[in-house]
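# Secondary and tertiary structure notes
This is what each chain is made of:
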Amino acid sequence: MDFNLTEEHLMIQQAARDFAQNELLPGVIERDEKQQFPTEQIKKMGELGFLGMMVDPKYGGSGLDTVAYALAMEEISKVDASASVVMSVNNSLVCWGLQTFGSEEQKQKYLTKLATGKMIGAFCLSEPEAGSDATSQSTTAKDMGDHYLLNGTKNWITNGSTASVYIVIAQTDIDKKHKGINALILEKDMPGFSIGPKEQKLGIRGSDTHSLMFNDVKVPKENRIGEDGFGFTFAMKTLAGGRIGIASQALGIASGAYELALKYSKERKAFGKEISQHQAIAFKLADMATQIEAARHLVLKSAWDKDQHKNYDLSGAMAKLYASQVAMDTTIEAVQIHGGNGYVKEYHVERLMRDAKITQIYEGTSEIQKIVISRSILTK
């Protein structure tokens, strides 16, 4: 087995690392404190091709593979998870879904702008009574002949106010259960669509998370993705790829915290020597490095599975489950290694610890990943 990255992968990794250090790091603490969306930084990410990494160049994308995307996500997430979640949603959930299942007209109208960052996309599945359960949709899309009439509420929507294009999962025929669900493309200026207040969050505070309300929104039939009743399948296939993006984000948060802790342990002295020379700290660093390397292998394996057109439901769920736990464990230890300074904003690790928690929640909680994994291993 060849674990070496290609020259192209290394180039993308370095480009993402440089962008994170030069463009995202300055002001990241202030953006977190003020809950400020990284508008200019996201615009530059679009110009550099980070928002449509896996999109075919004929639609304005970078034409890269999933491994390249995972590597870039890790580097961006080391510094600013609020920026990386915008990148994740736009790449994994919106662009990939449109390129894979959208009509040519939909690709020309929406994908070309989404891939270049001229538009930002949002994926709208979660509801007050249905988190990642696509079978329990209360939002309805009534078939009116040439259009759907959309009513309901979505919550916890990333890019809620900054998006221009929203993919909304809604129930058209409740008697058909999951086979009566559709995925519709909604535009921000459609009458009857409104955006709720910004959520006050523990972490990823620079990301704009909102509830969305639909009151008799007329969505043209040509904005339906796939055949009638394809919405559930669309959501499940899209979320499977989304797990790889979030696993990459979790990996980045963990590795970013580890790098800060390692650097600090070599600078901070206690009892006459650097704290890295004390076994209590050295062992923490050893555990962190080992867990991060294991998470990285799971993440890259799931990305490779996707690129090889293998079934990546299992590997993606495993990567997301493990990497998110490693992110939580590593950031807690990074704060501990920093001691009192770890509790202070200027050292960054307290922000990474707050950001880490969401990776265990969105794209399906850890418990949902265990359901996916257990079903897969028990039905083999």
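Structure report, in brief.

This part covers the environment of K78. Locating K78 in the fold gives a position in helix α4 (residues 66-79). Sequence spacing of K78 and V67 is 11 residues, and the spatial spacing of their C-alpha atoms is 17 Å. A polar side-chain atom of K78 sits 2.8 Å from a polar atom in the side chain of E259.

Let us now look at the packing of aromatic side chains. Within this structure, the stated rule accounts for eight aromatic pairs. Aromatic side chains F123 and F234 sit 6.4 Å apart centroid to centroid with 35° between the ring planes, which places their arrangement in the tilted category. Remark: F234 occurs in helix α7 (residues 231-267) and F123 occurs in strand β1 (residues 121-124); sequence separation between them is 111 residues. We classify F234 as buried; its relative accessible area is 0%. An aromatic cluster of at least three residues, connected via ring pairs, comprises W96, F101, F123, F230 and F234. The cationic tip of K221 hangs over the ring face of Y148; the distance from NZ or CZ to the ring centre is 5.3 Å.

Before going further, it helps to examine the pairing of strand β4 (residues 165-171). Most of β4 sits out of view: seven of its seven residues are buried. Of the two faces of β4, the one holding V165, I167, I169 and Q171 and the one holding Y166, V168 and A170 are both buried throughout. In this structure, β1 lies alongside β4, joined through four bridges in parallel fashion. Looking at β4, one finds that A122 is bridged to Y166. As paired elements, β4 and strand β5 (residues 181-187) share seven bridges and run antiparallel to each other. Within β5, the position partnered with V165 by the bridge is E187.

Even without a glycine there, the phi angle at K177 is positive, about 55°. In this structure, E363 is a non-glycine residue whose phi angle is positive, near 60°.

As a further point, take a nonpolar patch on the surface. A grouping of M318, I377 and L378 is seen on the molecular surface, where their side chains present a nonpolar patch of about 310 Å² in accessible area. Among the structural elements, I377 can be located in helix α11 (residues 366-378).

Let us look at helix α10 (residues 349-358). Counting buried positions over the 10 residues of α10 gives seven, a clear majority of the element. Of the positions making up α10, those classed as buried are V349, E350, R351, L352, R354, D355 and A356. Looking at the packing, one finds that the buried side of α10 touches α2 (28-34), α4, α5 (81-101), α7 and α9 (313-338).

Next up on the list: the pattern of salt bridges. Taken as a whole and assessed by the stated rule, the structure comprises 16 salt bridges. Its salt-bridge partner being R17, residue E75 comes within 3.1 Å of it at the nearest N-O pair. Here the residue E75 occupies a position in helix α4, and R17 occupies one in helix α1 (residues 7-24), the gap between them amounting to 58 residues. For R17, a relative accessible area of 28% corresponds to the partly exposed category. Its salt-bridge partner being K284, residue E333 comes within 3.0 Å of it at the nearest N-O pair. With a gap of 49 residues between them, E333 in helix α9 and K284 in helix α8 (residues 279-307) connect regions that are remote in the sequence. The class of K284 is partly exposed, set by a relative accessible area of 23%. A single network of salt bridges, built from pairs that share partners, joins R17, E75, K78 and E259.

Here is what the cut-offs are and how they apply
Within any chain, residue numbers begin from 1 and follow the written order of that chain's sequence. Local features in this predicted model are restricted to residues of pLDDT 70 or higher, and side-chain atom pairs are both shown and tallied only at a pLDDT of 80 or more, whereas totals for entire chains, interfaces and linings draw on every residue. Working from all heavy atoms in the structure, the side-chain values ignore hydrogens and water. By the criteria applied, helices consist of DSSP H or I runs no shorter than four residues and strands consist of E runs no shorter than two, each listed in order from the N terminus. Two N or O atoms count as a polar contact when they lie within 3.5 Å, although within protein this holds only if one can serve as hydrogen donor and the other as acceptor, and sequence-adjacent residues are included solely when both atoms are side-chain atoms. Geometry of aromatic contacts follows a simple scheme: Phe, Tyr and Trp rings, the Trp one being its six-membered ring, pair when their centres are within 6.5 Å, and the pair is stacked under 30 degrees between planes, edge-to-face over 60, tilted otherwise. Per-residue accessibility, obtained with a 1.4 Å probe over protein chains only, is compared with the maximum for each type, and a residue is labelled buried under 20%, exposed over 50%, and partly exposed between these values. Two conditions define a charge located above a ring, namely a distance within 6 Å from the ring centre to NZ of Lys or CZ of Arg, and an angle within 35 degrees of the ring normal. For two strands to count as paired, DSSP must find a minimum of two bridges between them. What makes a patch is a set of residues exposed beyond 30% relative accessible area and free of salt bridges, joined within 9 Å when like-charged and within 5 Å when nonpolar (Val, Leu, Ile, Met, Phe, Trp, Tyr). Using the Shrake-Rupley algorithm and a 1.4 Å probe, accessible areas are obtained, with residue cover drawn only from the displayed protein chains. Take a side-chain nitrogen of Lys or Arg and a carboxyl oxygen of Asp or Glu: if they are within 4 Å of each other, that pair is a salt bridge. In what follows, residue pairs with any heavy atoms lying within 4.5 Å of each other are defined as contacts.

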